[in-house]
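Descriptive analysis of the structure
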Amino acid sequence: MNAPRTHTPLKQTYVDLHIHSTASDGSVSPLEIIQIAEKAGLGAIAITDHDTLEGSAEALRYQQGYEVEILPGIEISAPFRSGTMHILGYLIRLDDVPLREALEVVQRSRATRNLQILAKLQNLGFEVTYDEVFQVAGEGQIGRPHIAQALLRKRVVQSIEEAFVRFLKQGGPAYADRYRLEPAEAIQTILHAGGVPVLAHPSSLHTENESDLETVVAGLKELGLKGIEAYCTGHGFARTAQYKRLAHRQGLLVTGGTDFHGAIKPAVHIGVGNGDLRVPYTVVEELKRAATSSYRGKAY
Ligand code: AMP
Ligand code: ZN
Ligand code: FE
Ligand code: FE
């Protein structure tokens, strides 16, 4: 056995803790993501695929060959008001049985939901076959962005955004719901797996104002939430500062990442987002302190 790798960056190092791979709706494989991050000189990354551990599991198998530190991660979708809340989970044990079982239920429901969307599109006069979607998605989990890409390929729409606006958005004519873990279940499942639950991109909650957001965050903290994603593509300096203050008031840590997806969001790049995102390595140290697992920098 090799001695466990120690990660002690000497200079200011930046990280990207929100990355999607081909295991969900990203277009870049875990190995390529590691190579891009390594080349960019990032100190750490986390692959946080939607409702699946496969992206992280694959990435961690390559850890020994690379300097960039890889943290286990996931992004779990939960219903929130009329929309969606995303809960990130870091430093989870990838072999945790309740976590795996919960995700299997979600994944089965996603597969059924995808077929319902295709049936609705067909009723609307836009035939997209499962094969066509599979060609876009590859082996990983299939999501609405893949169906959007298939519609784009068939020139039914001119952009991914148009596919969502016309058909796929929540409440849209081809939308079908799927089973999702409630926020409380997502948080508890991550905690049980030794991980650190973090509210992803708080702006996507579309809360009414700052005080509404604070009430929501305080409620999530009661459920076990430990952090807020303050640094995120598109948040800008003022928003990031606002979320950091909120985190501080609530006694929560902050994390950050680009929400890189590759082809479906081509303007977003690993490590820098739209160009100016910089997430300091200190967020990783905070995560490790918060982890309920006995994280010691070992491969999971
Ligand atoms: P799914 O998990 O299959 O329901 O798909 C959700 C994913 O679709 C989100 O994580 C986003 O990446 C993407 N998405 C949702 N709404 C939009 C939108 N309006 N435009 C582009 N992508 C979107
Ligand atoms: Zn996504
Ligand atoms: Fe998200
Ligand atoms: Fe994401």
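Note that this is a predicted model, so its numbers are computed, not measured.

**Structural notes on the pairing of strand S7 (residues 253-257)**
Taken across its 5 residues, S7 has 5 buried, putting it largely inside the fold. Residues Leu253, Thr255 and Gly257 point to one face of S7 and Val254 and Gly256 to the other, with burial holding for every one of them. Direction of pairing for strand S6 (residues 227-232) relative to S7: parallel, over a ladder of 5 bridges. Looking at S7, one finds that Glu229 is bridged to Thr255.

**What about the coordination of the iron ion (ligand 4)?**
Those protein atoms acting as donors to the iron ion (ligand 4) are His18 (NE2), His20 (NE2), Glu75 (OE) and Asp259 (OD), and they sit at 2.0 to 2.2 Å. Considering all 4 donor atoms around the iron ion (ligand 4), the spread of angles at the metal, 81 to 168°, places the coordination shape in the irregular class. Expressed as a motif, the donor residue spacing for the iron ion (ligand 4) is H-x1-H-x54-E-x183-D. Between the iron ion (ligand 4) and the zinc ion (ligand 2) the interatomic distance comes to 4.8 Å. Residue His18 is found in strand S1 (residues 14-19), and its partner Asp259 is found in the loop between S7 and strand S8 (279-280); the two are separated by 241 residues along the sequence. Its relative accessible area of 0% is what places His18 among the buried residues.

**What about a nonpolar patch on the surface?**
There is a patch of nonpolar side chains on the surface, built from Leu115, Tyr130 and Phe134 and spanning about 290 Å² of accessible area. Tracing the backbone shows Phe134 in helix H4 (residues 130-137).

**Description of the sheet that holds strand S3 (residues 69-80)**
Ordered in space as S7-S6-S5-S4-S3-S2-S1-S8, the 8 strands form an open sheet in which the pairing is mixed. The open sheet has two free edges, formed respectively by S7 and S8, since each of these has just one partner strand. The pairing of strand S2 (residues 44-47) with S3 spans 4 bridges and is parallel. Residue pairing in the sheet places Ile45 in a bridge with Ile70 of S3. Against the sheet, helix H7 (residues 183-192) engages S3, strand S4 (83-90) and strand S5 (196-199), with an angle of about 5° to S4. Helix-sheet contacts for helix H9 (residues 236-250) involve S6 and S7, and the interaxial angle to S6 is about 165°.

**Comments concerning the confidence of the model for the protein chain**
Of all residues in the protein chain, 93% have pLDDT values of 70 or greater, and the mean over the chain is 93. Counting interchain partners and residues more than four positions distant, the pLDDT-below-50 stretch residues 293-300 has 15 contacts.

**A closer look at the coordination of the zinc ion (ligand 2)**
Taken together, Asp25 (OD), Asp25 (OD), His50 (NE2) and His261 (NE2) make up the protein donors of the zinc ion (ligand 2), found 1.9 to 2.6 Å from the metal. Note that the zinc ion (ligand 2) binds 4 donor atoms; their angles at the metal cover 52 to 129°, and the shape is irregular. All donor residues of the zinc ion (ligand 2) come from one chain, and their arrangement in sequence is D-x24-H-x210-H.

Quick notes on the rules
Within any chain, residue numbers begin from 1 and follow the written order of that chain's sequence. In the order they appear in the text, chains get letters beginning with A and ligands get numbers beginning with 1. Local features are withheld for residues below a pLDDT of 70 in this predicted model, meaning they are given only at 70 or higher, and side-chain atom pairs are given and counted only at 80 or more; totals for whole chains, interfaces and linings count all residues. Remark: hydrogens and water are excluded; side-chain values derive from all non-hydrogen atoms of the structure. For the exposure calls, accessible area comes from a 1.4 Å probe over protein chains only, and a residue counts as buried if that area is under 20% of its type's maximum, exposed if over 50%, partly exposed in between. Put simply, DSSP H or I for four residues or longer makes a helix, DSSP E for two residues or longer makes a strand, and each gets a number counted from the N terminus. For two strands to pair, DSSP has to find at least two bridges joining them. Sites may look incomplete because water is not among the atoms; the donors themselves are N, O and S atoms within 2.8 Å of the metal, or within 3.2 Å for Na, K and Ca. By the criteria applied here, four donors are tetrahedral when all angles lie between 85 and 135 degrees, four are square planar and six octahedral when opposite donors are over 155 degrees apart and every other angle lies between 65 and 115, and any other arrangement is irregular. Residues enter patches when they are more than 30% accessible in relative terms and free of salt bridges; like-charged ones are connected within 9 Å and nonpolar ones (Val, Leu, Ile, Met, Phe, Trp, Tyr) within 5 Å. Here the open area of atoms and residues is found with the Shrake-Rupley method and a 1.4 Å probe, where only the protein chains shown may cover a residue. Salt bridges are defined by distance alone: a side-chain nitrogen of Lys or Arg within 4 Å of a carboxyl oxygen of Asp or Glu. Should any heavy atoms of two residues lie within 4.5 Å, those residues are counted as being in contact. A fitted line through C-alpha atoms represents every axis, and for helices the fit uses only the stretch in contact; the resulting angles, taken between N-to-C directions, go from 0 to 180 degrees. How sure the predictor is of each residue is captured by pLDDT, a score from 0 to 100.

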